[in-house]
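Architecture at a glance
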Amino acid sequence: MDKLIAILKDLHPDVDFAAATDLIDGGVLDSFDVVTIVAEVDDAFGVEIPAEELIPENFNSAEALCALIERLSDD
Amino acid sequence: MMQTNILEYLEQTVRRLPDKTAFSSEDGSMTFLEVYDGACAIGSRLLRDGHYKKPVVVFMKKRPETITAFLGVLYSGCFYVPLDDEMPRYRIELILKELRPAACICDEATLNTARGLDNTGTVYVYGDIAVGEIDLRALEDVRLRQIDTDLIYIVFTSGSTGKPKGVTGCHRAVIDYIENLCDVLKFDEDTVFGSQTPLYFDACLKEIMPTLKYGASTHLIPRKLFMMPVKLVEYLNERRINTLCWVVSALTFISSLRTFEKIKPKYLRTIAFASEVFPIRQLNIWRKALPDARFINLYGPTETTGICCYYEVDRDFSEDEMLPVGRPFKNTDIILLDDNGRVPPKGGMGEICIRGTRLTHGYYGDIERTDEAFVQNPLNDKYRELIYRTGDIGRYNERGELVFLSRKDYQIKHMGHRIELGEIESAASAHGGVNSACSVFDAERNKLTLFYTGDVTASELLPYLKEKLPRYMLPHTITPLDTMPYTPNGKIDRKLLASQAAESLPARDK
């Protein structure tokens, strides 16, 4: 989770990613961020996020994204 | 009879297809008749209130009503200036101060913001003025006095001194553009556009004008879908969208996330793209997914009205090759000029200069910068002939196709947006704690870095920049330096900083 927050902080240093729950719906992240996160997550965790998982529910909070990464790395 | 006004596109189509849906968005849709009636009502109201040949701001969300408001402004003989609700307030204020519009048309979403701004002129709410009485005589009277060099719009692009530049487009240039664009892309009544670009750039003319001309239709795609590639393609399929004119980054967003392994667009037949160089690897993914579709690379600066060159992909490209920008549209001419204002030898590099009816009237309220960019053709000393110097460096390849190579200055393209690095630096330098600032762009990684010296921390500087700059101009990394590196002749050493920015990141296979 810390590693993930560091990746997100790198994109938006002024956002409190531990608390935010509307990263997509609230317009914090844009499509450039999504592409960057997918690449960084692949680099850092060796997890490739498939296109169909790119939905607001998985990206609205760091917690949801973390859960997605865990789920994908179990597969 | 020769067409002299873009409203003739709408007027011919509304007679033929009044009840066909012209534009739609997630909030609703409008038929050609609804667009026509709304635009005529708005035009009548603006005229009644004495607005004529003046800038009128349209400050609305991306929806069919916004396009209707554009056309309404034209019915009054005024010209529209689109502003976006996501622009930072500081930038909007800067533009309004320069522009001094006669009026500002808002919707419910932007009304409160507009009421708090200075220099808006009369503030109207779309819902109030789009349903009023239509005064056909007054509208006809305006049309009789209009000529095709009258303005349609002013769109603002990044300016290197920190002041956005307002580019002025006119009827003649847009008609010339649209007629030739339609010939090349082969639009017709069955064309269904999926519009990606915001309405506050001239890029949206590619969908709006052919829709009016042919009675085609345009779906304004919700911005949010550009974060969900599978849902985005589902949307294209549900709406049976067959034509895209997108910025490159929106297309590579789909292909780079391996969306086609899951779902493919079912109806797409024409995919045109502009604003950046399409990475061949991504293009090849698209071509493999849609082997029967046409792919067309478009090139052109806002200053010469939309797009002026095109290349239809007609052969295979390997990853180390550059996609050409091809050749100019009919009635537009490209001249390459070297530093001495001469045509370089065959295959040589030169600045891409554009000649034609397409030239806009330059920058609103800024004759000086207009005269720097729109100049007498140095190859002609006999009569007045203006060319636009793009600042882009190009050359012709061995097939005779024009290829874009680089920029002469510090203008970059990021996520389809044109950005002057100077504007970012000027915004940072305006902070009291910043002594010097330099921003560099790593095109390969698509990353903007700002270096600065001073006694403010990076996390203090970012919120300040957010107030001043549109989101797409915000640096991804802000790095404080003890001292700014200079070259021997006293200029900031951009090359050194660029290599420093590149080294700080792990190389990524993109």
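No experiment lies behind these values; they were computed from the predicted model shown.

With that settled, consider the overall build of chain B. Helix and strand counts for chain B come out as 16 helices and 25 strands. Taking 2.2 N^0.38 as the reference for a compact globule, 510 residues should give roughly 24 Å; the C-alpha atoms of chain B span a radius of gyration of 23 Å, in line with that estimate. When burial is assessed residue by residue, chain B has 47% of its 510 residues classed as buried. Within chain B, counting contacts between residues at least 6 apart in sequence, those at least 24 apart form 67% of the total.

The next thing to look at is the overall build of chain A. The secondary structure content of chain A amounts to four helices and zero strands. The helix and strand sequence of chain A, counted from the amino end, reads α-α-α-α. In terms of C-alpha radius of gyration, chain A reaches 11 Å, essentially the compact-globule figure of 11 Å for 75 residues. Across the 75 residues in chain A, those meeting the buried criterion constitute 29%. For chain A, restricting intrachain contacts to residue pairs at least 6 apart in sequence, the fraction spanning at least 24 positions comes to 59%.

This part takes up the sheet that holds strand 15 (residues 327-328) of chain B. Residue and element names in this part refer to chain B. Ordered in space as 2-1-10-9-11-12-13-14-15, the nine strands form an open sheet in which the pairing is mixed. One side of each edge strand has no neighbouring strand; the edge strands of this open sheet are strand 2 (28-31) and strand 15. Here four bridges tie strand 12 (residues 270-274) to strand 13 (residues 294-299), and the two strands are oriented parallel to one another. Pairing of Ile271 across the sheet is with Phe295, part of strand 13.

Further remarks concern the domain arrangement of chain B. All names here are of chain B. For chain B, the assigned domains are domain 1 (1-169), domain 2 (331-407) and domain 3 (412-503). The C-alpha-based centres of domain 1 and domain 3 are spaced at 35 Å. With eleven residues of domain 1 at the contact, the number on the domain 3 side is 13 residues. For the side of domain 1 that touches domain 3, the residue count by class is three nonpolar, six polar and two charged.

Contacts between the two partners involve 18 residues from chain A and, on the opposite side, 21 residues from chain B. Broken down by element, the residue count for the side of chain A that touches chain B peaks at seven residues, all from helix 2 (residues 31-45) of chain A.

As a further point, take the nonpolar core. Residue and element names in this part refer to chain B. Grouped together as the largest cluster of nonpolar side chains are 141 residues, with contacts concentrated most on Val56, Val58, Val73, Ile105 and Phe273. Looking at this core, the element that brings in the most residues is helix 2 (residues 32-48), giving eight residues. Taken domain by domain, this core gets at least three of its residues from each of domain 1 (1-169) and domain 2 (331-407). For Val56, the contacting residues outside a window of four places in its chain are Leu46, His51, Val73, Cys78, Tyr80, Val81, Pro101, Ala102, Ala103 and Ile105. In terms of nonpolar packing, the next biggest core, distinct from the first, is built from 21 residues, Ile419, Leu421, Leu461 and Ala501 among them.

Residue and element names in this part refer to chain B. For Glu425, the position within the fold is in helix 14 (residues 421-429). Its 22 C-beta neighbours within 10 Å are what place Glu425 among the buried residues. Put simply, Glu425 and Lys61 are 364 residues apart on the chain and 29 Å apart in space, counted from C-alpha to C-alpha. When residues no more than four places from it in sequence are discounted, the contact partners of Glu425 are Ala437, Cys438 and Ser439.

What follows deals with the pairing of strand 2 of chain B. Residues and elements named next belong to chain B. Across four bridges, the pairing between strand 1 (residues 21-25) and strand 2 is antiparallel. Counted as the bridge partner of Thr21 is Thr31 from strand 2. Taking the residues between adjacent antiparallel strands as the criterion, strand 1 and strand 2 are bridged by two residues.

Here we come to unusual backbone geometry. A negative phi angle characterises most non-glycine residues, just as the trans form characterises most peptide bonds. All names here are of chain B. In this structure, Ser275 takes a positive phi of about 85° despite not being glycine. In this structure, Ser275 sits in the loop between strand 12 and helix 12 (280-289). Classification of Ser275 by C-beta neighbours within 10 Å gives buried; the count is 23. Of note, the phi angle at Asn331 is positive, near 70°, even though the residue is not glycine. Its 13 C-beta neighbours within 10 Å are what place Asn331 among the partly exposed residues.

Moving on, we get to the sheet that holds strand 24 (residues 447-454) of chain B. Pairing between the strands of a sheet is mediated by backbone hydrogen bonds and can be parallel or antiparallel. Residues and elements named next belong to chain B. Across the sheet, three strands lie side by side as 23-24-25; this open sheet has mixed pairing. Each edge of the sheet is formed by a strand with only one pairing partner; in this case those strands are strand 23 (434-442) and strand 25 (477-480). This sheet shows a mean twist of 20° between the axes of neighbouring strands, independent of strand direction. Sheet strands in contact with helix 14 are strand 23 and strand 24, and its direction is about 150° off that of strand 23. Running over the sheet, helix 16 (residues 494-503) touches strand 23 and strand 24 and is turned about 65° from strand 23.

Residue and element names in this part refer to chain B. The predicted model of chain B averages 94 in pLDDT, with 99% of residues at 70 or higher. When the criterion is pLDDT under 50, residues 506-510 qualifies, and its contacts beyond four places in sequence or with other chains add up to four contacts. Across the interface, the model reports ipTM at 0.89; the global pTM reads 0.91.

Attention now goes to the packing of helix 1 (residues 2-11) of chain A against helix 2 of chain A. Residue and element names in this part refer to chain A. Orientation of helix 1 relative to helix 2, taken along the N-to-C sense of each, is 145°, at an axis distance of 11 Å. For the element pair helix 1 and helix 2, the recorded crossing hand is right-handed. Across the interface between the two elements, Lys3, Ile7 and Leu11 of helix 1 pack against Asp33, Thr36, Ile37, Glu40 and Ala44 of helix 2. Here the contact of helix 1 with helix 2 is built from residues that sort into four nonpolar, one polar and three charged.

What counts and how
Residues numbered from 1 in each chain as written. Chains lettered and ligands numbered in written order. Predicted model: local features only at pLDDT ≥ 70, side-chain atom pairs only at ≥ 80, totals over all residues. Helix = DSSP H or I, 4+ residues; strand = E, 2+ residues; numbered from the N terminus. Rg over C-alpha atoms; globule rule 2.2 N^0.38 Å. Buried ≥ 20, exposed ≤ 12 C-beta atoms within 10 Å, placed from the backbone. Contact = placed C-beta atoms within 7 Å. Pairing = 2+ DSSP bridges. Domains from an automatic or database assignment. Nonpolar A, V, L, I, M, F, W, Y, C, P; charged D, E, K, R; others polar. Core = buried A, V, L, I, M, F, W, Y, C linked by C-beta atoms within 7 Å. Axes fitted to C-alpha atoms, helices over the stretch in contact; angles between N-to-C directions. pLDDT = per-residue confidence, 0-100. Left-handed = near helix turned anticlockwise from the far one by under 90°.

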